[in-house]
Protein chains: 2
Amino acid sequence: MALAHAILASLVECPCSGYDLAKRFDGSVGFFWVASHQQIYRELPKLEELGWIESEAIAQFPRPDKKLYYITELGKQQLREWIDKPCEPTLIKDDLLVKIFAGYVVNSEKILEQIEYHEKAHRERLLVYKQIEQQYFQLPIEQMPESEKFRYLTLLNGINYETYWLAWCKQAIELLEK
Amino acid sequence: MALAHAILASLVECPCSGYDLAKRFDGSVGFFWVASHQQIYRELPKLEELGWIESEAIAQFPRPDKKLYYITELGKQQLREWIDKPCEPTLIKDDLLVKIFAGYVVNSEKILEQIEYHEKAHRERLLVYKQIEQQYFQLPIEQMPESEKFRYLTLLNGINYETYWLAWCKQAIELLEK
DNA sequence: TCTGCCATGTAAGTTGTTACATGATTAT
DNA sequence: ATAATCATGTAACAACTTACATGGCAGA
């Protein structure tokens, strides 16, 4: 139930609506856990029933009301317990690699095109992450508040991830062009 | 439908039974696409119905019969078309990073323990991959047959993946110990 | 006028996980 | 004896994707 806990992790920072959650899952939280608005809207009533979150209708006339969700004490406790429970490293699961594996059944050029496309996408994403780093994480580590450190670590992971893919794409192109 | 295509990618190499497929998805193919035996057994009749694969019962008395699956021409064509169709890079989706993101709500030591556990797991996996590299991919790239090149690329990706995680774990431990 | 943003959902279908179920053979 | 391997599945549930559905407001 990691989606549930990802929602809790986001709500513990700051209460917000389903819509806002969906946006966060398209930005910061989304850098390591993607969820569509459909998933989120379906999950919220479940979490409310469990008593992990509660909601409050906020009138904002003439705009439609929004439901403000916030985490409960029980929810925080659940989040803490989940964080403390060990988990296994995530395994790679990647379409492109399946394609590469069977790449010899098609024209090499088509494969190369795809790798080049991925290379571009990863380069762009890396740039975005580096810009975020420049903008929000300028303080030296020693002066960073605790919660900032954790956020920074997730960003660093993203930077390392994109760097690894970028490097692999270059290797792959080089190897296939031989 | 990447599971379907991952199965095709495996069968195009060599026909085999559901059981054998499950084993491959626990080894070579499993390095970039994991699937349980339940998933595989459920998928096989579907693929047969589509005409992408066919099966033959092999008697092996006194052992129980096994169904040998092989890819059809239509299946190969489907695989080629799928490979040529562009796809988007896979986004990170990782429990540990959700935990890190909300890491400030628990004791840092617990988080450190988990990162250390992951570090160990990644180091071990990296070692396995490097041993495979030493054993099966000794030829210089120029002399590698085409299909070997593609297999090698998937292995290289695995090596880069584990290396990136390992490096991040080290960074994370260092940063959190400050 | 049209695009984008705010705001919330339902429905159908696919994919993935966990648990259950059986039964023979082979190696220790 | 008993554990591991060969061999194949079903059932229930959880998670995820894709498409459908609505309607107002703000800015170019």
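Residues numbered from 1 in each chain as written. Chains lettered and ligands numbered in written order. Predicted model: local features only at pLDDT ≥ 70, side-chain atom pairs only at ≥ 80, totals over all residues. Heavy atoms only, no water.

Novice: How should the packing of aromatic side chains be read in this particular structure?
Specialist: The tally for this structure, following the rule as stated, stands at 15 aromatic pairs over all chains. Taking 5.1 Å as the distance between ring centres and 35° as the angle between the ring planes, the aromatic pair formed by F137(B) and Y152(B) counts as tilted. Of the two residues, F137(B) is situated in the loop between α6 (108-136) and α7 (146-177) and Y152(B) in helix α7; the sequence distance between them amounts to 15 residues. Neither residue differs from the other here; F137(B) and Y152(B) are each classed as buried. Taken together, the ring pairs connect Y161(A), Y164(A), W165(A), W168(A), Y161(B), Y164(B), W165(B) and W168(B) into an aromatic cluster. Here the guanidinium or amino end of K99(A) rests over the ring plane of W82(B), the centre of that ring lying 5.0 Å away. Positioned above the aromatic ring of F101(B) is the side chain of R151(A), whose terminal nitrogen or guanidinium carbon lies 4.2 Å from the ring centre. (Phe/Tyr/Trp six-rings, centres within 6.5 Å; stacked < 30°, edge-to-face > 60°. Helix = DSSP H or I, 4+ residues; strand = E, 2+ residues; numbered from the N terminus. Buried < 20%, exposed > 50% of the residue type's maximum accessible area, 1.4 Å probe, protein only. Lys NZ or Arg CZ within 6 Å of the ring centre and 35° of its normal.)

Novice: Please clarify how the environment of K67(A) should be interpreted in this entry.
Specialist: Residue and element names in this part refer to chain A. Mapped onto the elements, K67 comes out in strand β2 (residues 63-71). Sequence separation of K67 and L97 is 30 residues, and the distance between their C-alpha atoms is 42 Å. The contact partners of K67, leaving out residues within four places of it in the chain, are C16, S17, G18, S55 and E56. (Contact = heavy atoms within 4.5 Å.)

Novice: Sorry if this is basic, but what is going on with the protein's contact with DNA strand C here?
Specialist: Every one of the 22 residues lining DNA strand C counts as a neighbour, but Q60(A), M1(B), Q38(B), Q39(B) and R42(B) are closest to it. The contact atoms of DNA strand C, taken as those within 4 Å of the protein, divide so that sugar and phosphate hold 58%. Between DNA strand C and R42(B), the relevant distance is 2.7 Å, taken from a base nitrogen to a side-chain nitrogen or oxygen of the residue. If you list the elements that add at least two residues to the surface near DNA strand C, you get α2 (18-24), α3 (37-50) and β2 of chain A together with α3 (37-50) of chain B. For the surface near DNA strand C, the element with the highest residue contribution is β2(A), accounting for four residues. (Near = heavy atom within 4 Å. Polar contact = N/O pair within 3.5 Å; in protein donor to acceptor, adjacent residues only side chain to side chain.)

Novice: Sorry if this is basic, but what is going on with the interface of chain A and chain B here?
Specialist: One widely used convention gives an interface's size as the accessible area the parts lose upon coming together. Taken residue by residue, the interface counts 71 residues in chain A and 71 residues in chain B. Overall, the association of chain A and chain B removes approximately 7700 Å² of surface from exposure, summing both partners, and the carbon and sulfur fraction of that is 68%. Applying the counting rule to chain A against chain B returns two salt bridges. Summed over the shared surface of chain A and chain B, the number is 33 residue pairs in polar contact (both at pLDDT 80 or more). Ranked by residue count, the leading element in the side of chain A that touches chain B is helix α7 (residues 146-177) of chain A, at 21 residues. Partitioned by chemical class, the residues of the side of chain A that touches chain B number 42 nonpolar, 13 polar and 16 charged. (Buried area = accessible area lost by both parts, 1.4 Å probe. Salt bridge = Lys/Arg side-chain N within 4 Å of Asp/Glu carboxyl O. Nonpolar A, V, L, I, M, F, W, Y, C, P; charged D, E, K, R; others polar.)

Novice: Just to check I follow, could you spell out the relation of the copies chain A and chain B for this structure?
Specialist: Put simply, the two copies of the chain differ by a rotation about an axis and a shift along that axis. If you rotate chain A by 180° and push it 0.0 Å along the axis, it lands on chain B with an RMSD of 0.0 Å. Both copies of the chain, as the preceding transformation shows, are related through a two-fold rotation axis. Relative to the rotation axis, the C-alpha of Y164(A) is the closest in chain A, positioned 3.1 Å from it. Looking at the interface residues of chain A, 100% of them are also at the interface in chain B, so both copies use one shared face. (Least-squares fit on C-alpha atoms with pLDDT ≥ 70 in both.)

Novice: Just checking my understanding: could you explain the nonpolar core for this structure?
Specialist: Burial of nonpolar side chains together is a common tendency in soluble globular proteins. In this structure, F25(A), L79(A), W168(A), F25(B) and W168(B) are the most contacted members of the largest nonpolar core, which totals 119 residues. Ignoring sequence-local partners within four residues, the contact set of F25(B) consists of L3(B), A6(B), I7(B), G30(B), W33(B), V34(B), A35(B) and I40(B). (Core = buried A, V, L, I, M, F, W, Y, C linked by side-chain atoms within 4.5 Å.)

Novice: Hey, could you run me through the pattern of salt bridges in this one?
Specialist: For side chains of opposite charge, pairing can occur when their charged atoms come near one another. As enumerated under the stated definition, the model contains 16 salt bridges over all chains in all. A salt bridge links R151(A) to E13(A), with the shortest nitrogen-to-oxygen separation between them at 2.8 Å. Taken together, the residues R151(A) in helix α7 and E13(A) in helix α1 (residues 2-13) connect sequence positions 138 residues apart. The class for R151(A) is buried, based on a relative accessible area of 14%. For D20(B), the salt bridge goes to K66(B), with nearest N and O atoms at 3.8 Å. Note that D20(B) is positioned in helix α2 (residues 18-24) and K66(B) in strand β2 (residues 63-71), a separation of 46 residues in sequence.

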